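# Chain and residue survey
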Amino acid sequence: MVVFGVSLTLQVGELKMDYITCREPRCRQAKTLAMNDLPLADVLPISASLNSDGRLAIQGRDVRGIVEEFGSPLYIYDEATIRWMCREFVENFRQFYPETDIEYSTKAFSNPAVLKVIEDEGLHIDVVTGGELAFALAADFPVEKINFHGNNKTRQELMEAVDVGIGRITIDSFHEIELLNEVAGALGKTQAVNLRLSPSIDPHTHRLTSTGILDSKFGFSIETGDAEKAVDAALSQPNLDVKGLHFHLGSPLFELEPYDEAIEYVCAFAARMKYVHGLDMQEFSPGGGMAIGYLRSKLPPSIEEYAETIANSLRSACRKYGLDEPRMTIEPGRSIVGRAGVAVYTVGGIKRIPGVRTYVSVDGGMGDNIRPALYEAEYEVMSADDPCGEFKGTATIAGKFCESGDVLAKDVKLPDVKPGDLLALPASGAYCVPMASNYNLQTRPAIVMVTEQSDVRLIRRRETYADLLSTAIYE
Ligand SMILES: *Cc1c(COP(=O)(O)O)cnc(C)c1O
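Residue numbers here run from 1 along each chain, matching the order of that chain's written sequence. pLDDT decides what is reported in this predicted model: residues at 70 or higher carry local features, side-chain atom pairs at 80 or more are listed and counted, and totals for whole chains, interfaces and linings draw on all residues regardless. The side-chain quantities take in all heavy atoms of the structure and omit both hydrogens and water.

## What to know about the overall build of the protein chain
- By definition, any uninterrupted DSSP run of H or I lasting at least four residues is a helix, any uninterrupted run of E lasting at least two residues is a strand, and each is numbered from the N terminus. A tally of regular secondary structure across the protein chain gives 14 helices and 21 strands.
- Computed over C-alpha atoms, the radius of gyration of the protein chain comes to 23 Å, within 12% of the 23 Å expected from 2.2 N^0.38 for 475 residues, which places it in the range of a compact globule.
- Seen through its C-alpha atoms, the protein chain measures out along the principal axes to roughly 70 × 65 × 45 Å.
- Throughout, exposure labels follow a simple rule: accessible area from a 1.4 Å probe, protein chains only, divided by the maximum for the residue type, with under 20% read as buried, over 50% as exposed, and the rest as partly exposed. Scored against the burial criterion, the 475 residues of the protein chain give a buried share of 58%.
- Within the protein chain, counting contacts between residues at least 6 apart in sequence, those at least 24 apart form 69% of the total.
- Here the Shrake-Rupley method, with its probe set to 1.4 Å, supplies the accessible areas, and only the displayed protein chains count as covering residues. Within the structure as shown, the protein chain displays about 19,700 Å² of accessible surface, and the carbon and sulfur contribution to it stands at 50%.
- In the protein chain, which carries 47 positive and 68 negative side-chain charges, the distance between the mean positions of the two groups comes to 4 Å. As a reference, a globule follows 2.2 Å times the number of residues to the power 0.38, and the radius of gyration itself is taken over C-alpha atoms. Contacts were defined at the residue level, with two residues in contact if any of their heavy atoms lie within 4.5 Å. His residues and chain termini do not enter the charge count, which takes Lys and Arg as positive and Asp and Glu as negative. Taken as the charge centre is NZ of Lys, CZ of Arg, CG of Asp or CD of Glu, depending on the residue.

Below is the structure:
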């Protein structure tokens, strides 16, 4: 793992050299500082730095200043990090396997401004509901570059997708094979599809985020024979054009071996299906699931390492089983936006229980980030006002929601904090805001993006009481 840490840092270092577009000397200085002096630099956005006031800054913009303007809690996204991650994927995968498309999973974080960046970087996207599709279409995302995933798409959702001419639909069940064939037929269209397989591979991530094991609601199991029946059934539908096979193991995957094993297994299956049913696997996707650093002590492999493993596995499996090399689609979600986002909270009450623990309560929590409560996700926490402050002990960061499980981070090291101080949770860009709720009728936070030109743009306004009242019915 130490090796991974080093390689990640080097990449960031190289990037720093050609990524500085900001012409302001103060900003350049800040970027240099970020690499040398800023604690948690490995898990913060690439443009994070210490500013001359000793506070956390993103793309040279003082985090406290941003919060004073847009309120707290606040999610801050760094455009430079999103673009950098897109390029990391495109360049590294195409280096090892030129016929690769990168498809951003919008469920990790969907927002018109982010979709514009994603489109600009030449990526495709996937959606898992009619709502995500509508959101992408409203942002004018090219419909032929959209793939529809999900284990229980409704007739209505399939109709909407086929009707607008969606690029791909990834079929997940026998029910869907028939339903989609019928929907496409009624609309007079032939729909290009892929089949989602379950390869029975344990990716060694949390039980609740494993998706490719035998006991999973997702995909057709190769092991039980369902996958073969699905290939046969899909190929015989007149309104479906079967392009290839897909699997997604789960997330976040810090190990490379599960990809390797699953690719080999699915290619062996594809070869058998070629001879038995005439399946021509023109497209292949090993899903997403690439990890990001949440904790400094647990950094992921570089994108280059994922790319090399996946490309080599696919190429050697194709050779071994006599398959033509298919076009490959990689589906990162978390790894594109996770590191780009920082959640910032304001400290309120502090409760010290001698000999037990100190609770530092903040003005957000499980309503905007349910990951710690849902699957024991862990985060680093830093004082945005004093990132380099001397640790004075440990604190448990509690949210303001009425659940004892509403804890964002347990026993983290912090300098002395007081009410009104700002705490930053790095690596909050994926699966936080998209899973946010209005529990306790708390309004959901505002989101801003700091552009590469150091402008701070509001990309989602803070909810108001009027928003909360808007769907209620008062007699
Ligand atoms: C969620 C999902 C992804 C993206 O997963 P990440 O962990 O965010 O990279 C990719 N493919 C499918 C089918 C998914 O459901």
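Moving on from the coordinates now.
## A closer look at a nonpolar patch on the surface
- Patch definition: residues above 30% relative accessible area lacking any salt bridge, with like charges linked at up to 9 Å and the nonpolar side chains Val, Leu, Ile, Met, Phe, Trp and Tyr linked at up to 5 Å. A carboxyl oxygen of Asp or Glu within 4 Å of a side-chain nitrogen of Lys or Arg is what we treat as a salt bridge. On the surface, L208, L374 and M435 cluster together into a nonpolar patch covering about 230 Å² of accessible area.
- Along the polypeptide, M435 turns up in the loop between β19 (422-425) and β20 (446-450).
- You can call M435 partly exposed: its relative accessible area is 31%.

## As for the side chain of R334
- Residue position: R334 is located in helix α12 (residues 334-337).
- Although R334 is buried, it makes no salt bridge; E378 carries the closest opposite charge, 12 Å away.
- The definition of a polar contact used here is a pair of N or O atoms within 3.5 Å, where within protein one atom must be able to donate a hydrogen and the other to accept one, and adjacent residues in sequence count solely through side-chain atom pairs. Of note is the side chain of R334, whose polar atom sits 2.8 Å from the side chain of S251.

## Here we look at the site of the ligand
- Around the ligand there are 14 residues in total, and K107, S251, E331, R334 and Y431 lie nearest to it.
- A distance of 2.7 Å separates an oxygen atom of the ligand from a polar backbone atom of R334.
- Coverage of the ligand by the protein amounts to 94% of the 390 Å² it exposes when considered alone. In this text, near means that some heavy atom of the residue lies within 4 Å of the molecule or strand in question.

## What about the nonpolar core?
- Counting 117 residues, the largest nonpolar core has I82, F93, Y104, I118, I336, V337 and I397 as its most contacted members.
- When sequence neighbours within four positions are dropped, the list of residues in contact with I336 reads T81, I82, M85, C86, F89, Y104, I118 and L123.
- We call a set of buried Ala, Val, Leu, Ile, Met, Phe, Trp, Tyr and Cys residues a nonpolar core when their side-chain atoms join them within 4.5 Å. Listed in part, the 25 residues of the second largest apolar core include V43, A48, L299 and V344.

## What about the packing of helix α7 (residues 155-164) against helix α8 (residues 174-186)?
- Fitted lines through C-alpha atoms serve as axes, helices being fitted only where they are in contact, and the angles separating the N-to-C directions of these axes extend from 0 to 180 degrees. In the contact formed by α7 and α8, the axes pass within 10 Å of each other and the chain directions differ by 45°. Comparing the axis directions of α7 and α8 gives the class oblique. As for how α7 packs across α8, the hand of that crossing is right-handed. Together, R155, L158, M159 and V162 of α7 and E176, L179, L180, E182, V183 and A184 of α8 make up the contact between the two elements.
- Residues of the contact of α7 with α8, tallied by class, amount to seven nonpolar, no polar and three charged. Any angle between 65 and 115 degrees counts as roughly perpendicular, while under 35 counts as roughly parallel, over 145 as roughly antiparallel, and the rest as oblique. We call a crossing left-handed when the near helix sits turned anticlockwise from the far one by less than a right angle, and right-handed when that turn is clockwise. Gly is put with the polar residues, along with every residue not named as nonpolar or charged; the nonpolar set is Ala, Val, Leu, Ile, Met, Phe, Trp, Tyr, Cys and Pro, and the charged set is Asp, Glu, Lys and Arg.

## So, the packing of aromatic side chains
- Stacked, tilted and edge-to-face are the three classes assigned to paired rings of Phe, Tyr and Trp, where Trp is represented by its six-membered ring and a pair needs centres within 6.5 Å; plane angles under 30 degrees give stacked, over 60 edge-to-face, the rest tilted. For the coordinates displayed, the defined rule picks out seven aromatic pairs.
- Judged by centre distance (6.3 Å) and plane angle (20°), the ring pair of F401 and Y439 falls under stacked. Linking F401 in the loop between β17 (394-398) and β18 (407-413) with Y439 in the loop between β19 and β20, this pair joins segments that are 38 residues apart in sequence.
- When its relative accessible area of 32% is taken as the criterion, Y439 is described as partly exposed.

## Some points on helix α10 (residues 257-277)
- If you check α10, its first and last C-alpha atoms are 29 Å apart, about what 21 residues at 1.5 Å a residue would give, namely 30 Å.
- Looking at α10, one finds that the buried residues are P258, Y259, A262, I263, V266, C267, F269, A270, A271 and M273.
- Tucked inside the fold, the buried residues of α10 contact β9 (191-198), α9 (226-235), β11 (240-246), β12 (283-285) and α11 (303-321).
- Within two residues after α10, G278 carries a phi angle of roughly 75°, on the positive side. Every helix has an expected span of 1.5 Å times one less than the residues it contains.

## Regarding the pairing of strand β6 (residues 124-127)
- Of the two faces of β6, the one lined by H124 and D126 and the one lined by I125 and V127 are each fully buried.
- At least two DSSP bridges between two strands are required for those strands to pair. Bridging between strand β5 (residues 100-105) and β6 involves three bridges; their strand directions are parallel. By the bridge assignment, E103 is partnered in β6 with H124.
- Traced from β5 through helix α5 (residues 112-120) to β6, the parallel crossover comes out right-handed.
- Strand direction decides the pairing type here: β6 and strand β7 (residues 146-148), joined by three bridges, are parallel. Considered in β7, the bridge of D126 is made with N147.
- When the strands point away from the viewer and the connection leading from the first strand across the helix to the second strand turns clockwise, the crossover is called right-handed. Following the chain from β6 across helix α6 (residues 130-138) to the adjacent parallel β7, one finds a crossover that is right-handed.

## Things to note about the sheet that holds strand β1 (residues 48-50)
- Read across the sheet, three strands follow the order β1-β2-β3 without closing on themselves; strand pairing throughout is antiparallel. Sheet topology places β1 and β3 (61-62) at the edges, where each strand pairs with a single neighbour.

## Considering the pattern of salt bridges
- Evaluated as defined, the whole model comprises 26 salt bridges.
- Its salt-bridge partner being R460, residue E463 comes within 3.0 Å of it at the nearest N-O pair.
- E463 gets classed as buried once you look at its relative accessible area, which sits at 10%.
- Relative accessible area serves as the criterion here: at 31%, R460 is assigned to the partly exposed category.

## Observations regarding unusual backbone geometry
- The omega angle of the peptide bond from S72 to P73 is -5°, so this bond is cis rather than trans.
- S251 connects to P252 through a cis peptide bond whose omega is -10°.
- At D140, a residue that is not glycine, the phi angle is positive and equals roughly 60°.
- With respect to the helices and strands, the residue D140 is situated in the loop between α6 and β7.
- Relative accessible area serves as the criterion here: at 60%, D140 is assigned to the exposed category.
- Even without being a glycine, S200 presents a positive backbone phi close to 55°.
- With respect to the helices, strands and loops of the structure, S200 is situated in the loop between β9 and β10 (220-221).

As far as function goes, none of this settles anything; it's purely spatial.
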